[in-house]
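# A look at the structure
Next come the chains, spelled out residue by residue.
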Amino acid sequence: MTTARIPQVPTNETPLRIVGATIIDGTGKEPLPNGEVVIIDGKIDYVGPRRDTTVEGATEVDLTGKTIMPGFFDVHVHMGMGIETGFATMAAQFAEERHYAAAETMRDTLMAGVTTIRDLGGLTPGFRNLVTKGKLLGPRAHLAISVISPTGGHVDFHLANGNQMVPMDEGFRIVDTDDEMRVAVRELIRTGADVIKVCTTGGVSSPSDTPHDLGVPAHQVGIAVEEGNRRQGQPVTAHAQGSAGILEAIHGGVASVEHGYEIDDEGIALMIEKGTYLVPTLSSALRVPDPKLVPPFLYAKKVVWSDIARKHVAKAIQAGVKVALGTDAGVCPHGTNLTELGHMVSLGMAPIDAITAGTLNAAKLMHVDDALGSLEQGKLADLVITDVDPLAEIDRLAEPSEIKVVIQGGRVVKDLDDAMPVARAHSALAS
Ligand SMILES: [Zn+2]
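The rules behind each value
Residues numbered from 1 in each chain as written. Predicted model: local features only at pLDDT ≥ 70, side-chain atom pairs only at ≥ 80, totals over all residues. Heavy atoms only, no water. Helix = DSSP H or I, 4+ residues; strand = E, 2+ residues; numbered from the N terminus. Buried < 20%, exposed > 50% of the residue type's maximum accessible area, 1.4 Å probe, protein only. Salt bridge = Lys/Arg side-chain N within 4 Å of Asp/Glu carboxyl O. Donors = N, O, S within 2.8 Å, 3.2 Å for Na, K, Ca; no water. Contact = heavy atoms within 4.5 Å.

### As for unusual backbone geometry
- In this structure, N34 is a non-glycine residue whose phi angle is positive, near 50 degrees.
- With a phi angle near 40 degrees, T281 is a residue other than glycine that sits in the positive phi range.
- The topology assignment puts T281 in the loop between strand 15 (277–279) and helix 8 (282–285).
- Looking at T281, the relative accessible area reads 0%, which means it is buried.

Structure, rendered in structure tokens:
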């Protein structure tokens, strides 16, 4: 497996030594009390038991009583969408209003403890570039740019009368033939896509289909995989909700199944055999929206599919399918991404495994685990610090105010209670 492009952020050159905190390193290992983390040039220079030495030139901070974890991942977000906005408002917005909202959403997501995202449709490469240049505070980002479905499929937002329910902009790509699939993937890669997103089923939010309807067939998923492999190995992921379309996605060779609400025994066995990741987006699945904000068809489908998801995803977790944390934020509220940890635990996952799903597993799915996803020597210094004991009260991590410190590339980008006053002077915090 080739390592994908690692989305970069500016780094802090002043060495930082954090001592005393409990370390949960993201690999699934037991927490290490009274630990030490040393960050030099934006990378982890040491992580392990607290030592009796000092580090030359380092700012030292004692965080006894707190817990350090890797920066979290959310591998299924839509920074360019906002459920709170409502469909009518979204349709009326100017491009600059949408872009400003997306920039704010990226900052909120980072403040929620998410230092890396995979945006599965709607976010354009300019946002990723601005984060890399330090002009915009936000997560490191891999982008799908557009979502691919057939005419009348999940991202065809034409109503029966031909009008568009939401503007059909660059986030949506209609593909019917094999050749169109090939061209679409080539164009997306040219535009800078890090991942290709196809829909092998219909969905809950689309007007003319359901999760049981089939979308992109397995052989066209295979074409997308083949095109990615001719380039930098961009992985393909599928929006797949009904059981038949989930099988199409897995047979086509996807790296991950998004949603997977109705995954059955055959799908579970195949995913385990092929090492396919499940991104169950429970924050979206288990949330029944305000009926005033969404169309009636969407509300009705959501009630039914929440129940299906609860039952089937629990079975997949139980069976040991690899899971990566993704929320579908944009379809559910932004800025509380770590709510997903509690949802996974509520369906039977151990808290330590939920943390791994949100860190190292997610990094592996994105092929960036050489540089990110766990607290290990040599990796980039993305980490979050909390007063909460995550294994005892994982639900509390959902609240952004419980994420006291966020460090990205060794830069302090959030420091709620002045835990790191000296480090702040070298930080990205404007005020
Ligand atoms: Zn989505």
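The structure having been displayed, the exposition proceeds.
### Overview of the pattern of salt bridges
- Enumeration over the complete set of coordinates arrives at 22 salt bridges.
- Residue K66 is joined to D387 by a salt bridge in which the shortest nitrogen-to-oxygen separation is 2.7 Å. One end of the pair, K66, is in the loop between strand 5 (59–62) and strand 6 (67–70); the other, D387, is in the loop between strand 16 (383–386) and strand 17 (403–408), with 321 residues separating them in the sequence.
- By relative accessible area, K66 is classed as buried at 15%.
- Note on D387: relative accessible area 37%, which makes it partly exposed.
- Among the salt bridges present, the one from D417 reaches K404, with a minimum N-O distance of 3.5 Å. Of the two residues, D417 is situated in the loop between strand 18 (411–415) and helix 13 (421–424) and K404 in strand 17; the sequence distance between them amounts to 13 residues.
- By relative accessible area, D417 is classed as partly exposed at 47%.
- Given a relative accessible area of 13%, K404 falls into the buried group.
- One continuous salt-bridge network, built from bridges that share partners, spans R182, R186, E226, E227 and R230.

### Some details on the coordination of the zinc ion
- Only H76 (NE2), H78 (NE2) and D328 (OD) from the protein coordinate the zinc ion, and they sit 2.0 to 2.3 Å from it.
- Sequence spacing among the residues donating to the zinc ion works out to H-x1-H-x249-D. With H76 in strand 7 (residues 72–77) and D328 in the loop between helix 9 (296–319) and helix 10 (339–346), this pair connects stretches of sequence that are 252 residues apart. With respect to burial, H76 and D328 carry one shared label: buried.

### A few points about helix 10
- When we look at burial in helix 10, the residues that qualify are E340, L341, G342 and M344.
- Among the structural elements, strand 7, helix 8, helix 9 and helix 11 (351–357) are those in contact with the buried residues of helix 10.
- Following helix 10 by one or two positions, G348 has its phi on the positive side, about 110 degrees.

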